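In case you want the letters, here they are:
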Amino acid sequence: MQGFYLALCGAGILITGAVLTGWWRYAFRPWCLSASRMTVRRLGLQVDDPRDIERVDAILASFAGGFNQMIAAPSESAWQTYCQSQSALLRPFAEEGAAMGYTVRRLFRYDAADFESRIVKPRPEFRYLYYVGLGFWSGMRNHSAARLARIVDRLDPLHRYLCYDGYGFKRAFFDYPRNPDALNTLNAFEGYARNAAYQGVGRAMHFLFMGRTDLIIERIAALGPCAADVAAGVGLAAAFVNPDRLAPEFELGRRMPQEWQPHFQLGLCFGLKARSINDLDALDRDLTSQPMATQDAIRASIRECDRIELLVRADGEPDGYRRWRERVTDWMSANIEFP
């Protein structure tokens, strides 16, 4: 009996220690993303250029690392330490992956106010990535349109649309290659949420077919009325993934049908704006390889994007995200020579 009592006490001490130190979070390790499986080859991405393969593999590994550190590391700050260890190019993807793991970290208890106060506000330079990551998680959980609408309801009125972008990315990146009809679920979203979801599809298309302009254009065209939003998503990914080698991405835009080009150009602007928020010094270094006229056009577009964001936010109208994008598109079409 005494032995049983001692064993019980010992078990209690171990359990208490696990709770206090966070060791119990190792129980989530089976949920972790395997870096060895998150590669161009294992995922079957149609990416052929060795430089592109190396970059996409590094991005996927960084994303997986951020997610894994968020859900399974005992320390509350382990994910932040991991993200800070990444290069300027890769860190945003690690931050996005960490945001995808937010609800897992909280034992699937989602709270919009907590997400804003604990994840977004302390690190506003990565705010876009956090909303995208949260939407990515909804995609991984196959949430319905109604469920995702409830999730985003109390988030930032402009940036919450990026959750739909993240959801659309997941559907296109993981589900679409096996089943093209998987994108039909995005049509259940109402209003501009559907547009944002297809913008996420465009970002995924860039990853799925990087360097294959013919396939990108073919797949965008097949999406008919959603093509403009998909083209915008491709443009965003093009700039965000390759801020240091924009020339091939500009050529991708030039080869697109003329009616898509203003939307692709908008995507470029939003991708580079995001990079400027993440790390302005890094973006400045990346842009030094561009002609001065191109640098000036990029910086002018980012400034106008910032200005219009402030205006639509001050208006407080419910369709601010749509008006933000449309007004930037109009300004760039009138003032910036494509691309």
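Residues numbered from 1 in each chain as written. Predicted model: local features only at pLDDT ≥ 70, side-chain atom pairs only at ≥ 80, totals over all residues. Heavy atoms only, no water.

(A) Examining the overall build of the protein more closely. A count of helices and strands for the protein gives 18 helices and zero strands. Expected size for 339 residues packed as a compact globule is a radius of gyration near 20 Å; at 21 Å, the protein falls within 12% of this value. If you line up the protein on its principal axes, its C-alpha atoms span 85 × 45 × 40 Å. For the protein, buried positions account for 55% of its 339 residues. Look at the contacts in the protein between residues 6 or more apart in sequence, and 73% of them connect residues 24 or more apart. (Helix = DSSP H or I, 4+ residues; strand = E, 2+ residues; numbered from the N terminus. Rg over C-alpha atoms; globule rule 2.2 N^0.38 Å. Buried < 20%, exposed > 50% of the residue type's maximum accessible area, 1.4 Å probe, protein only. Contact = heavy atoms within 4.5 Å.)

(B) Local environment of unusual backbone geometry. Residue Phe-108 is not a glycine yet carries a positive backbone phi of 65°. Looking at where Phe-108 falls in the secondary structure, it is placed in the loop between α6 (102-105) and α7 (112-120).

(C) Structural context of a nonpolar patch on the surface. Taken together, the side chains of Trp-24, Trp-31, Leu-107 and Phe-108 present a nonpolar region at the surface, about 370 Å² in accessible area. By the secondary structure assignment, Leu-107 is in the loop between α6 and α7. (Patch = residues over 30% accessible without salt bridge, like charges linked within 9 Å, V, L, I, M, F, W, Y side chains within 5 Å. Areas by Shrake-Rupley, 256 points an atom, 1.4 Å probe, with all protein chains shown as cover. Salt bridge = Lys/Arg side-chain N within 4 Å of Asp/Glu carboxyl O.)

(D) Structural detail: the environment of Gly-168. By the secondary structure assignment, Gly-168 is in helix α10 (residues 161-175). Since its relative accessible area comes to 0%, Gly-168 is described here as buried. Expressed as a C-alpha distance, the spacing of Gly-168 and Val-132, which sit 36 residues apart in the sequence, is 9.7 Å. Leave out the neighbours within four places in its chain, and Gly-168 touches Leu-186, Ala-197, Gly-200 and Val-201.

(E) Main features of the pattern of salt bridges. Tallied over the entire structure, the rule returns 24 salt bridges. Measuring nitrogen to oxygen at the nearest pair gives 2.2 Å for the salt bridge that ties Asp-306 to Lys-273. Linking Asp-306 in helix α17 (residues 292-315) with Lys-273 in helix α15 (residues 261-278), this pair joins segments that are 33 residues apart in sequence. With a closest N to O distance of 3.0 Å, Asp-319 and Arg-323 form a salt bridge.

(F) A look at the side chain of Ser-276. Residue position: Ser-276 is located in helix α15. One polar contact links the side chain of Ser-276 to the main-chain carbonyl oxygen of Lys-273, over a distance of 2.6 Å. (Polar contact = N/O pair within 3.5 Å; in protein donor to acceptor, adjacent residues only side chain to side chain.)

(G) Representation of the packing of aromatic side chains within the structure. Here the structure, examined in full by the defined rule, presents 24 aromatic pairs. Pairing Tyr-161 with Tyr-164 gives two aromatic rings, centres 6.0 Å apart and planes at 45°, and the pair type is tilted. A residue pair is termed a helical-turn pair when its members lie 3 or 4 positions apart in one helix, as Tyr-161 and Tyr-164 do in helix α10 at three residues. As far as the burial class goes, Tyr-161 and Tyr-164 line up, both buried. (Phe/Tyr/Trp six-rings, centres within 6.5 Å; stacked < 30°, edge-to-face > 60°.)

(H) Structural context of the environment of Tyr-82. By the element assignment, Tyr-82 lies in helix α4 (residues 78-84). The contacts of Tyr-82, once residues within four sequence positions are left out, are Ala-61, Ser-62, Gly-65, Gly-66, Gln-69 and Ala-94.

(I) Highlighting helix α14 (residues 247-255). Buried within α14 we find Glu-249, Phe-250, Leu-252 and Gly-253. Looking straight down α14, one finds its buried side chains confined to an arc of 155°; they lie on one side. Considering only its buried residues, α14 is in contact with α11 (192-208), α12 (213-221), α13 (227-241), α15 and α17. (Arc of directions from axis to C-beta.)

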